[in-house]
Amino acid sequence: MSTGGPSLTQQRKLVTEIPGPKSIEMMKRRKQAVSSGVGGTMPVFTQAAGGSVLLDIDGNTFIDLGSGIAVTSVGNSAQTVVKNVQAQAELFTHTCFMVTPYESYVAVCEKLNELTPGNHEKRSALFNSGAEAVENAIKIARAYTKRQAVVAFEHGYHGRTNLTMALTAKSMPYKHSFGPFAPEIYRVPMSYPFHDSRSGDAVAKDAISRMEKEIGATQIAAIIVEPIQGEGGFIVPAPGFLTAIFEFAKANGIVFIADEIQTGFCRTGAWFASEHENLVPDLITTAKGLAGGLPLAGVTGRAEIMDSVHVGGLGGTYGGNPIACAAALGSISEMQSHNLIARAHEIEGIFRSRLTKLQQEFPAIGDIRGKGAMMAIELVNPDGTPNAELVGKVTKYCHQNGVIVLTAGTYGNVIRFLPPLAISTELLNEGLDVVTAAFAAAN
Ligand code: PLZ
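It should be emphasised that the depicted structure is a prediction, and the values quoted were computed from it without experimental measurement.

Asks: I'd like a rundown of the overall build of the protein, residues and numbers included.
Replies: When you go through the protein residue by residue, the secondary structure sums to 14 helices and 15 strands. Taken over C-alpha atoms, the radius of gyration comes to 21 Å for the protein, in line with the 22 Å a tight globule of 443 residues would show. Taken along its principal axes, the extent of the C-alpha atoms in the protein is 60 × 60 × 45 Å. Of all 443 residues assigned to the protein, the portion counted as buried reaches 54%. Sequence separation of 24 or more characterises 74% of the internal contacts of the protein that already satisfy a separation of 6 or more. Total accessible area computed for the protein in this model is approximately 18,400 Å², and 53% of it derives from carbon and sulfur atoms. Side-chain charges of the protein comprise 36 positive and 40 negative groups, with the mean position of each set lying 4 Å from the other.

Okay, here's the thing in structure tokens:
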């Protein structure tokens, strides 16, 4: 048995075919025990992980360009996270913050209030998952505005619970056969420069007109948007789009919610992606990178909105679990001490130069986009239609050659990269060598 954590040798190494014999056996056990409804990207089972590599049970080491979907930004089993988790587990594992509170919950809320955009007075509340944070942000916005309608965007993703499925755009696999969905949810156009070639203002005008004509501005409690869409395919809206939507919300007493669950915590080269357009959202939802791998999520926002809910209206048995809070304090301190915002910018530079070269050789790469360590390529056929088949070939090659990559996009034709921000330049380049080889092999 190897131990994980940063001591794991940061090197790609394959010792069997992928999947290896032990993983094949485990896949059989999984099939007998686990619902087939739970999806799977790779057929390899984890033995240990550390920093930016993952060791499977057959002894193969993979370069991790997915971070468990944007979670292990500080690296897997980062030192401070592990240390804090161990120390907290020795003290107490749970009390329920609503029964007998503890300091670390308050400390995480203080950090969230301090790090999110804006100098106004803020409050936070903690939950277990991103979807739960989104649900609560909507509850809070409705309680504050005493309105019901909620606006989400094309290609948006907000979770898999009933309300968040309603907010999510894509049917298969997230919503298919799971309706009826929560009412009073409306979807409006999203700026998608690669597809619409329109200015941010022009698309925002359409979205605003739809809100005014089809819902009525005075009926809208909240507008929820991912500043860079994650599952939708790392769509970066054209400049001005978010600002125009934000201004509309402000002028009409609508709570503007930035869902920063995937984009938050240094991922895009800022604490929060809202900062790229100088946006100060009324509410922000966070999860993923916040706690270095432990399940924790938050809603942070204007004190008058967060405090408008009746006492007892927010909560849950596990929300802000002490071990998850200890992990979050460790994760945030790692981000600060290693200046991971600056590192995200460097990572973007490496991706841009490598992917631009790759695009010159392979015109199927129609678009390179993203910010910081949240980068993607959208693959198209010569006529511009989505090429999901090539995505399948390239990702399969990467997986079989020791690199974890993920896909995304409404049309399934996006390969996305979410490496730990702690990844070394050498390892990142080696990962990108495999991606390059994958394109050559697929052609
Ligand atoms: N909002 C912006 O990215 C989670 C989903 C993986 P949970 N994205 C990964 C999958 O297929 O289930 C996400 C997100 C944004 C909300 C969520 C939901 O966060 O912690 O998965 O509930």
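Asks: Explain the packing of aromatic side chains residue by residue, including any values.
Replies: Inspection of the entire model under this criterion finds eleven aromatic pairs. On the numbers, 5.1 Å between centres and 70 degrees between planes, the contact of Phe265 with Phe272 is edge-to-face. This pair shows no difference in class: Phe265 is buried, exactly as Phe272 is. The rings of Phe92, Phe97, Tyr102 and Tyr105 are connected pair by pair, giving a single aromatic cluster. Residue placement shows Lys175 over the ring face of Phe181; its charged tip is 5.2 Å from the ring centre.

Asks: Explain the nonpolar core residue by residue, including any values.
Replies: One finds Met211, Ile223, Ile245 and Phe439 to be the most contacted residues of the largest nonpolar core, which totals 115 residues. Looking at which domains feed residues into this core, each of domain 1 (21-64 + 340-442) and domain 2 (81-337) supplies at least three. Sequence-distant contacts of Ile223, that is, excluding residues within four places in its chain, are made with Val151, Phe153, Met211, Ile245, Phe248, Ala249, Ile254, Val255, Phe256 and Ile257. One finds Ile228, Phe234, Ala408 and Leu418 within the second-largest nonpolar core, a separate group that totals nine residues.

Asks: An account of the site of the ligand is needed here, citing residue identities and associated values.
Replies: For the ligand, the set of nearby residues contains 15 residues, the closest of which are Gly130, Ala131, Arg160, Asp259 and Gln262. A distance of 3.4 Å separates an oxygen atom of the ligand from a polar atom in the side chain of Tyr157. At 3.2 Å, a side-chain N or O of Lys288 approaches a nitrogen atom of the ligand. Burial of the ligand by the protein amounts to 81% of the accessible area it has alone, namely 510 Å². Across the shell around the ligand, the residue classes tally to five nonpolar, five polar and five charged.

Asks: Which residues make up the domain arrangement of the protein, and what values do they have?
Replies: Domain boundaries in the protein define domain 1 (21-64 + 340-442) and domain 2 (81-337). Taken together, the contact pairs 28 residues of domain 1 with 26 residues of domain 2. The contact between domain 1 and domain 2 buries some 2,100 Å² in all, and 63% of this surface belongs to carbon and sulfur atoms. Per-residue buried area on domain 1 facing domain 2 is highest for Ile341, Lys371 and Met374; these three make up 30% of the total on that side. Here domain 1 and domain 2 share one salt bridge between them. The salt bridge involving Glu231 is made with Arg416; its shortest N-O contact spans 2.8 Å. At the boundary of domain 1 and domain 2, one finds 14 residue pairs in polar contact (both at pLDDT 80 or more). Among the secondary structure elements, those contributing two or more residues to the side of domain 1 that touches domain 2 are α12 (340-361), β11 (365-371), β12 (374-379) and β15 (414-417). By residue number, the principal contributor to the side of domain 1 that touches domain 2 is β11, which donates five residues.

The rules behind each value
Per chain, the residues get numbers from 1 upward, laid out in the order the sequence is written. Residue-level local features of this predicted model are given only where pLDDT is at least 70; pairs of side-chain atoms are given and counted only at 80 or more, and the full residue set underlies all totals for whole chains, interfaces and linings. Hydrogens and water are ignored here; the side-chain numbers use all heavy atoms of the structure. Strands here mean DSSP runs of E at least two residues long; helices mean DSSP runs of H or I at least four residues long; both are numbered from the N terminus. Here the radius of gyration uses the C-alpha set of atoms, whereas the globule reference equals 2.2 Å times the residue count to the power 0.38. Any residue under 20% of the maximum accessible area for its type is buried, any over 50% is exposed, and the rest in between are partly exposed; the area is computed with a 1.4 Å probe on protein chains only. Any two residues whose heavy atoms approach within 4.5 Å are treated as being in contact. Note on areas: Shrake-Rupley with a 1.4 Å probe; residue coverage comes only from the protein chains shown. When charges are counted, Lys and Arg contribute as positive and Asp and Glu as negative, whereas His and the chain ends are disregarded. Where a charge sits is defined by one atom per residue type, namely NZ (Lys), CZ (Arg), CG (Asp) or CD (Glu). Working definition: rings of Phe, Tyr and Trp (its six-membered ring) pair if their centres are within 6.5 Å, and the pair is stacked with planes under 30 degrees apart, edge-to-face with planes over 60 apart, and tilted otherwise. Each ring is checked for a lysine NZ or an arginine CZ that lies within 6 Å of its centre and within 35 degrees of its normal; such an atom marks a charge sitting over the ring. Put simply, a nonpolar core is a bunch of buried Ala, Val, Leu, Ile, Met, Phe, Trp, Tyr and Cys residues held in one set by side-chain atoms that sit within 4.5 Å of each other. These domain limits were set by an automatic method or by a database of domain assignments. Nearness is judged by heavy atoms alone; a residue qualifies as near a molecule or strand once a single heavy atom is within 4 Å of it. Here a polar contact is taken to be a pair of N or O atoms separated by no more than 3.5 Å, where protein atoms must pair a possible hydrogen donor with a possible acceptor and residues adjacent in sequence count only if both atoms sit in side chains. As a working rule, the residues Ala, Val, Leu, Ile, Met, Phe, Trp, Tyr, Cys and Pro are called nonpolar, Asp, Glu, Lys and Arg charged, and the rest polar, with Gly in that last group. Accessible area that two parts lose when put together, evaluated with a 1.4 Å probe and summed over both, is termed the buried area. Salt bridges are defined as contacts in which a side-chain nitrogen from Lys or Arg sits within 4 Å of a carboxyl oxygen from Asp or Glu.

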